[in-house]
Amino acid sequence: MARKKQDREMEKYWLKRMLDEIRKKEGRGTELISLYIPPNRRMSEVIGYLREEYSTASNIKSDTTRKNVQDAILKVIERLKYYDQAPENGLVVFCGAIPRGPPGSEKMEIYVIEPPEPLKVNLYRCDDHFHTEYLEELLREKEVYGLISIDINEAAIGLLEGRRLDVIATYTSGIPGKHRAGGQSARRFERLREMEVHHYFDRVAKHVNDVFLREDIFERLRGILVGGPGFTKYNFVEESDLDYRLKKKIIDYIDTNYSGEEGLREMVIKGKDILKNVRYVYEKNLVDEFMSRLARRHDMVLYGLKDVMRHLYDGAIEKILILDDFDYYHTKLKCESCGYKEEKMVKAKDIEKLEHSGLKCPQCSNGIMYPEDTKLLLDYLHDTATEYGFKVEIISSKTEHGKIFKQFGGIGALLRYPLRY
Ligand SMILES: [Zn+2]
């Protein structure tokens, strides 16, 4: 289990690094192809679509752009031919001619990526850069809620991620009604029925344990809701082999009209307020912790953009708290002449100014510094979180605790150990 998780983390880490490289690449014209193929899509369909794009591309006026686009499409088709259908998580292809120097120096590059989680986008785009943002979105850690919907006849388990419900499995119990067939003794019938109920509960519970305790799920699992009509849901939690760690995560029970898959959907609707409240409490606890450290353990907390960024890479930060409307961007200023780099945080409106600032390089005092690799600070933090071992916690700005937190600059950090200045 632990090893598997580590592998997956490494895989994500390398993928992030790779995307950092791919994101920077620029085409000479609108000629870089990004292709996102959803899970299990038949390749013959995708290739058919690409052939159409190939003929559409013959309308492109510029000779080199047309040639580069068409060459890239052919190259992608050539690679896709190895597949009957897209892998279980889908497939992402980036392909295009990347300039190495003067016009004519372009080299065709292709990247074929099997994402670590199922793709939800279906996209073909031809642009002057590669569209990596959907893959990056996929790599973000998100919170999930576990849902169990159960009555005596059927059950279903699901995971709620944001607004998306994943139905993991459905079960039917096959347990007969309470009325026995003629000739059977009442006691024997009751005993058999009880055994069957237990067998059914354990079958569901075992699967719930397998899925919800998987490390990549469990560490993001904020809570579990158990729903269904009647009392079966309580009996299930009490009498089944549901793991004690999962029992501790149960937030609430929800009465529904349906069980099984239909019941899950009902739970999502009825549980909305409960989940919103859980999120609220979770955030409030973080801000409370931040405030209490400010009062008592001042050396275990940071606040303000400057201080957080100063210690971002030294491993001391456990959690970064940041408001959802924190609108700073992260960029790297690079000297055009010696390559010296400096990181800088700017407001959106100041990015343009930075392009034309004519800022002199502090290293060689000769070259001009230009911004590159600019992205929303929130995204930058998400991207670097794994590498530097911190977690990013987003605080809603509209809540009471969000407003309190705003007074401290809208960004802060909880530390693993005290810092010495
Ligand atoms: Zn320089």
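None of the values given here were measured: they were computed from a predicted structure.

What counts, and at which threshold
- Residues numbered from 1 in each chain as written.
- Predicted model: local features only at pLDDT ≥ 70, side-chain atom pairs only at ≥ 80, totals over all residues.
- Heavy atoms only, no water.
- Domains from an automatic or database assignment.
- Contact = heavy atoms within 4.5 Å.
- Buried area = accessible area lost by both parts, 1.4 Å probe.
- Core = buried A, V, L, I, M, F, W, Y, C linked by side-chain atoms within 4.5 Å.
- Buried < 20%, exposed > 50% of the residue type's maximum accessible area, 1.4 Å probe, protein only.
- Helix = DSSP H or I, 4+ residues; strand = E, 2+ residues; numbered from the N terminus.
- Patch = residues over 30% accessible without salt bridge, like charges linked within 9 Å, V, L, I, M, F, W, Y side chains within 5 Å.
- Areas by Shrake-Rupley, 256 points an atom, 1.4 Å probe, with all protein chains shown as cover.
- Salt bridge = Lys/Arg side-chain N within 4 Å of Asp/Glu carboxyl O.
- Lys, Arg positive; Asp, Glu negative; His and termini not counted.
- Charge placed at Lys NZ, Arg CZ, Asp CG, Glu CD.
- Pairing = 2+ DSSP bridges.
- Axes fitted to C-alpha atoms, helices over the stretch in contact; angles between N-to-C directions.
- Donors = N, O, S within 2.8 Å, 3.2 Å for Na, K, Ca; no water.
- Tetrahedral: all angles 85-135°; square planar, octahedral: opposite > 155°, others 65-115°.
- Expected span 1.5 Å × (residues − 1).
- Arc of directions from axis to C-beta.
- Phe/Tyr/Trp six-rings, centres within 6.5 Å; stacked < 30°, edge-to-face > 60°.

Asker: Tell me about the domain arrangement of the chain, and please be specific about residues and values.
Answerer: For interface size, the figure often reported is the accessible area lost on association. By the assigned domains, the chain splits into domain 1 (2-139), domain 2 (144-181 + 189-270) and domain 3 (283-415). Each of domain 1 and domain 3 has a C-alpha centre, and these two points are 31 Å apart. Taken together, the contacts link six residues of domain 1 with six residues of domain 3. Both faces combined, the contact of domain 1 with domain 3 buries some 570 Å², and carbon together with sulfur accounts for 41% of it.

Asker: Could you give me a rundown of the nonpolar core, with the residues and numbers involved?
Answerer: Core analysis: the biggest nonpolar cluster contains 27 residues, and Phe212 and Phe236 have the highest contact counts within it. Of all elements in the fold, only β5 (144-150), β6 (154-161), β7 (164-172), α5 (186-212), β8 (221-228) and α7 (232-239) reach the threshold of two or more residues within this core. A per-element tally of this core places α5 first, with eight residues. Filtering out sequence-adjacent residues up to four positions away, phenylalanine 212 remains in contact with Gly146, Leu147, Ile148, Gly158, Leu159, Ile217, Phe218, Leu221, Ile224 and Leu246. Counting residues in each nonpolar core, the second largest holds 22 residues, with Ile320, Phe326, Ala385 and Leu415 among its members.

Asker: Could you give an account of a negative patch on the surface, naming the residues involved and the relevant values?
Answerer: Taken together, Glu190, Glu194, Glu238 and Glu239 make up a surface patch of like negative charges. Considering the arrangement of structural elements, one finds glutamate 190 in helix α5. Classification of glutamate 190 as partly exposed rests on a relative accessible area of 37%.

Asker: Any chance you could break down the sheet that holds strand β1 (residues 32-37) for me, citing the residues and the numbers?
Answerer: By way of backbone hydrogen bonds, the strands of a sheet pair with one another, either parallel or antiparallel. Spatially, the four strands line up as an open sheet ordered β3-β2-β1-β4, and their pairing is antiparallel. Pairing within the sheet leaves two strands with one partner each, and these edge strands are β3 (107-113) and β4 (123-127). The sheet shows a mean angle of 10° between the axes of neighbouring strands, taken without regard to direction. Pairing analysis gives five bridges linking β1 to β4, with the strands arranged antiparallel. Its bridge partner lying in β4, tyrosine 36 is registered against leucine 123.

Asker: Tell me about the coordination of the zinc ion, and please be specific about residues and values.
Answerer: Coordination of the zinc ion by the protein involves Cys335 (SG), Cys338 (SG), Cys361 (SG) and Cys364 (SG), with metal-donor separations of 2.3 to 2.4 Å. Each of the four donor atoms bound to the zinc ion contributes to angles spanning 106 to 114°, and the resulting shape is tetrahedral.

Asker: Break down the sheet that holds β7 for me, with residues and values.
Answerer: Pairing in this open sheet of five strands is mixed, and the strands run β7-β6-β5-β8-β9 from one edge to the other. A strand with exactly one partner marks an edge of an open sheet, and here the two such strands are β7 and β9 (250-255). The sheet shows a mean angle of 20° between the axes of neighbouring strands, direction not considered. Packing of α5 onto the sheet brings it into contact with β5, β6, β7 and β8, and relative to β6 it is tilted by some 15°. Where α7 meets the sheet, its contacts fall on β5, β8 and β9, and the angle it forms with β9 comes to roughly 150°.

Asker: Tell me about helix α2 (residues 43-56), and name the residues and values.
Answerer: In a regular helix each residue adds 1.5 Å, so 14 residues correspond to 20 Å; α2 covers 20 Å between its end C-alpha atoms and thus fits that length. Here α2 has its buried residues at Met43, Val46, Ile47 and Leu50. Within α2, the buried residues cover an arc of 95° as seen down the axis, which keeps them to one side.

Asker: Tell me what's going on with the side chain of threonine 232, and back it up with residues and numbers.
Answerer: Along the chain, threonine 232 turns up in helix α7. Of the residues examined, threonine 232 reaches a relative accessible area of 13% and is grouped as buried. With sequence-adjacent residues up to four places away left out, threonine 232 is seen in contact with Ile150, Asp151, Ile152 and Phe201.

Asker: Residue-level account of the packing of aromatic side chains, with values.
Answerer: Pairs of aromatic rings are described using the distance from one ring centre to the other and the angle between the two planes. Throughout the structure, instances matching the rule amount to 13 aromatic pairs. Here the aromatic rings of tyrosine 200 and phenylalanine 201 are separated by 6.0 Å at their centres, their planes lie at 35°, and the arrangement is tilted. On the accessibility criterion, tyrosine 200 (1% relative accessible area) is buried. In this structure phenylalanine 201 comes out as buried when scored by relative accessible area, which is 1%. On the numbers, 4.7 Å between centres and 40° between planes, the contact of tyrosine 234 with tyrosine 253 is tilted. Here the residue tyrosine 234 occupies a position in helix α7, and tyrosine 253 occupies one in strand β9, the gap between them amounting to 19 residues. For tyrosine 234, a relative accessible area of 30% puts it in the partly exposed group. Each member of the aromatic cluster is reached from another via a ring pair, and the members are Tyr36, Phe94, Phe130 and Tyr134.

Asker: Can you explain the pairing of β8? Please cite residues and give values.
Answerer: Here β8 lies mainly inside the structure; seven of its eight residues are buried. Here six bridges tie β5 to β8, and the two strands are oriented parallel to one another. Note on β8: the bridge partner recorded for serine 149 is glycine 227. Two strands pair when backbone bridges link them, and β8 and β9 are joined in this way by five bridges, in the parallel orientation. Residue leucine 225 lies in a different strand from β9, and its bridge partner there is aspartate 252.

Asker: With reference to specific residues and values, describe α7.
Answerer: Buried within α7 are the following residues: Thr232, Lys233, Phe236 and Val237. Here the buried residues of α7 occupy an arc of 135° about the axis, which is enough to place them on one side. As for α7, its buried residues are in contact with β5, α5, β8, α8 (244-247) and β9.

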